[in-house]
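The residues making up each chain are set out below.
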Number of protein chains: 2
Amino acid sequence: MVSIRDISIKCGVSVSTVSKALNGYKDVSEETRRLVLKTAKELGYVPNAHARALKTNRTFTLGILFVDDQNNGLTHLYFSHVLNSFKSEAEENGYNITFIHKRWGKQIITLLQNCKFRGIEGVCIACVEPNDPEVQELAKSDVPVVSIDYIFPGCGCVLSDNRNDMAELVRYVYSMGHRKIAFIHGTDSYVTQQRIEGYVSTLRELGLEVRQEYMLESLYTNPYTTKKATEKLLQLEDRPTCILLPDDVSAFGAIEAIQEAGLKIPDDISIAGYDGVIYSRLISPRLTTVRQDTDKIGREAAKLLIYNIEHPQNPKLEPIIVKGELLTNQSVGLV
Amino acid sequence: MVSIRDISIKCGVSVSTVSKALNGYKDVSEETRRLVLKTAKELGYVPNAHARALKTNRTFTLGILFVDDQNNGLTHLYFSHVLNSFKSEAEENGYNITFIHKRWGKQIITLLQNCKFRGIEGVCIACVEPNDPEVQELAKSDVPVVSIDYIFPGCGCVLSDNRNDMAELVRYVYSMGHRKIAFIHGTDSYVTQQRIEGYVSTLRELGLEVRQEYMLESLYTNPYTTKKATEKLLQLEDRPTCILLPDDVSAFGAIEAIQEAGLKIPDDISIAGYDGVIYSRLISPRLTTVRQDTDKIGREAAKLLIYNIEHPQNPKLEPIIVKGELLTNQSVGLV
DNA sequence: CTGAAAGCGCTTACAG
DNA sequence: CTGAAAGCGCTTACAG
């Protein structure tokens, strides 16, 4: 590897001068600068990020914490889209992306230690169990953190507007004539709570009764559990005319249960998904769903994190709320 | 940040001794070692990876190059699964994962420079345009490279067994009585070539004619182009009884075209996908498809890359071929 | 078993 | 405008 030293020898100037020329300081003569730059190019010089980091304490590296119970953060449709745009935005701003984990060689270390050790300047937390003590420790540390779809006190966050988007969905379903609207929601989380609030408050607002037997829980992105929940709803004496589901993938389970019960969508019963992944509009029946704006969510998260890294004195901590879009389709019929 | 220096002062020993104690060298007395370790813990010492990298020239960091034309490597179902297992395997071996890109601050640099600069020890190339000169430069450089589903001369690679898996699929379709088997394949690539070879050679092996009008091209994971191609096939005078598609997502386009033509799957015509993403088994009609073993592909790629990094003298360069699994289902009917 | 010293590649006051 | 010097935090021959 050619170093600044090699350039200095070849050019007959000091390493200080080479460094200054390379970094665009003004107190270097135009002539010297040109010579240094030319020589650097000839020699194929590449600066050493570690030496620089050691000296300047800056790494321009953002960490991603992206693990969930099923260890499938990256294959999660929603989060992989968010990560994709987070990555683009970060790279466009000259930052690198890396993953945070608990290993250091053969040892297990904490997530915070991993960040410190590697000089990670800020972390985006998504798709993790927020009550994990190590995640808490990280969120409370001096490392800037931005979370997605969850609020850590004292940290920036970007939230998909679940409460209002859900409300809009319920209002739409109501406008189609439905009065018996069930909601199979995911397991407890900030997102789930927001959606339940949106669901419950809108029913009340519309003068509809909130019926406990119409609110069931299943796992996110797991059609098998949704199928079971749907079967329960179908067996009710006074069964719903529309079922709202945790997400588009789990909607497959509902479709299956409904078909096996000999019912047709939307003639006999309506359903709606959530997420708006492309496939939901391809399957038959085409799903009414809420498209979350993953591109914006990821980009806003990256911008916010970088801002907070570069403005440690007055970081932005107010939640950034990103509106989704209602995609109406044939799976919700007129009653 | 507490450094080795702080520990040495607190313990009254030299930094050399602290370093040795911390790194488990044997030439340190048991007593000193214990004192150092205890003090390090008390002080909350975290080593500095950059200082170490500067000295040892090792970063334990693997790069991922994961961009394609549509800039959606991460949201690509197949590749996001591969990445997920690559990441798990790498981390279990004490390596970090980061993404390679072309930026350095405000400057644009080459992919190779990005690797050199950041001390990346090896790169996994997947889901990129292999003819990109910068990718070529990287593959030819002294940075160890492992590619997925593509062969760079002189580099390790992991290949999904497209040729044989495709052959198996064709044989299965044949065994169901089909003799007019069309293949809508993706755009030209190593993977596409392998699948076409598997398709053509198996037809010949089975004594079937290879008909040009049964071989059409569409984009991968793009149902709109597949729909168009399927429509063409349906308009043929002597139309196929089974259509093989580029992947499960694009199969949605075929399903739509077939339904719009008033035909039923599998009664009137059969179809098969490729990839075996979970959703393909959920939609109706349930897709016959080939599940690629993404978990194994990712893990083998990580193992291979790490092996080649740690054995620069005799790296493993023979392709590792990972067999897929035929998933038969109702979308292919008996003729 | 312990420690002084050199050095990895860079940046940055500071003196001239 | 230029350069000598110190130092970021660590590791590692080498001498004792």
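Each chain has its residues counted from 1, following the order in which its sequence is written. Lettering for chains starts from A, numbering for ligands starts from 1, and both go in the order in which the items are written. With the structure being a predicted model, the display of local features is reserved for residues of pLDDT at least 70 and the display and counting of side-chain atom pairs for 80 or more, all residues being used for whole-chain, interface and lining totals. Here the side-chain values reflect all heavy atoms present in the structure, with hydrogen atoms and water set aside.

Quick word on the UniProt feature "domain: HTH lacI-type" (unreviewed entry) in chain A
UniProt positions are given in the numbering used here, feature names are shortened, and annotations may be inferred rather than shown by experiment. Sequence positions flagged by UniProt for "domain: HTH lacI-type" (unreviewed entry) are, in local numbering, residues 2-56 of chain A. Numbered from the N terminus, helices here are DSSP runs of H or I no shorter than four residues, and strands are runs of E no shorter than two. Between the C-alpha atoms that bound residues 2-56 of chain A the distance is 20 Å, and the span itself is 69% helix and 0% strand.

Focus on the sheet that holds strand β10 (residues 242-244) of chain A
All names here are of chain A. Two strands qualify as a pair provided DSSP detects at least 2 bridges between them. Strand order in the open sheet formed by 4 strands is β9-β8-β10-β11, with parallel pairing between adjacent strands. In the strand order of this sheet, the two ends are held by β9 (215-217) and β11 (270-272), each with one partner. Direction aside, neighbouring strands of the sheet carry axes that sit 20° apart on average. Inspection of the sheet shows strand β8 (residues 181-185) paired to β9 by 3 bridges, in the parallel sense. By the bridge assignment, H185 is partnered in β9 with E217. Throughout, a residue-residue contact means that at least one pair of heavy atoms, one from each residue, lies within 4.5 Å. Angles run from 0 to 180 degrees between N-to-C directions of axes, and those axes are lines fitted to C-alpha atoms, restricted for helices to the stretch in contact. Each of β8, β9 and β10 touches helix α9 (residues 190-205); the most contacted strand, β8, lies at about 170° to it.

Some remarks on the nonpolar core
We define the nonpolar core as a collection of buried residues of types Ala, Val, Leu, Ile, Met, Phe, Trp, Tyr and Cys that are connected through side-chain atoms lying within 4.5 Å of one another. Exposure is judged per residue with a 1.4 Å probe applied to protein chains only, and the accessible area is read against the type maximum: over 50% gives exposed, under 20% gives buried, and values in between give partly exposed. Residues Y199 and L244 of chain A together with Y199 and L244 of chain B are the most contacted members of the largest nonpolar core, which totals 89 residues. Excluding residues within four positions of it along the chain, Y199 of chain B makes contact with M166, V170, I181, A182, F183, Y214, M215 and L244 of chain B. Core analysis: the next-biggest nonpolar cluster, separate from the first, contains 54 residues, A90 and I297 of chain A together with F99 and I148 of chain B among them.

Details of the protein's contact with DNA strand C
We define proximity as follows: a residue is near a molecule or strand when any one of its heavy atoms falls within 4 Å of that partner. Among the 27 residues in the neighbourhood of DNA strand C, the closest are listed as I4, Y25 and Y45 of chain A together with K20 and D27 of chain B. For DNA strand C, the fraction of protein-proximal atoms (within 4 Å) that sit in sugar or phosphate groups is 60%. Note that a base oxygen of DNA strand C is positioned 2.4 Å from one of the side-chain N or O atoms of K20 of chain B. Polar contact is defined as a pair of N or O atoms within 3.5 Å, subject to the rule that within protein one atom must be able to donate a hydrogen and the other to accept it, and that residues adjacent in sequence are counted only when both atoms are side-chain atoms. The side chain of T32 of chain B places a nitrogen or oxygen atom 2.8 Å from a phosphate oxygen of DNA strand C.

Thoughts on the sheet that holds strand β9 (residues 215-217) of chain B
Residue and element names in this part refer to chain B. As summarised here, the arrangement of the 4 strands in space is β9-β8-β10-β11, forming an open sheet in which the pairing is parallel. With partners counted over all chains shown, the strands left at the sheet margins are β9 and β11 (270-272), one partner each. Put simply, the sheet's adjacent strands are angled 20° from each other on average, direction ignored. Here strand β10 (residues 242-244) pairs with β11 via 3 bridges, running parallel. Residue L244 lies in a different strand from β11, and its bridge partner there is A272. Each of β8 (181-185), β9 and β10 is contacted by helix α10 (residues 223-235), which is oriented at about 155° to β8, the strand it contacts most.

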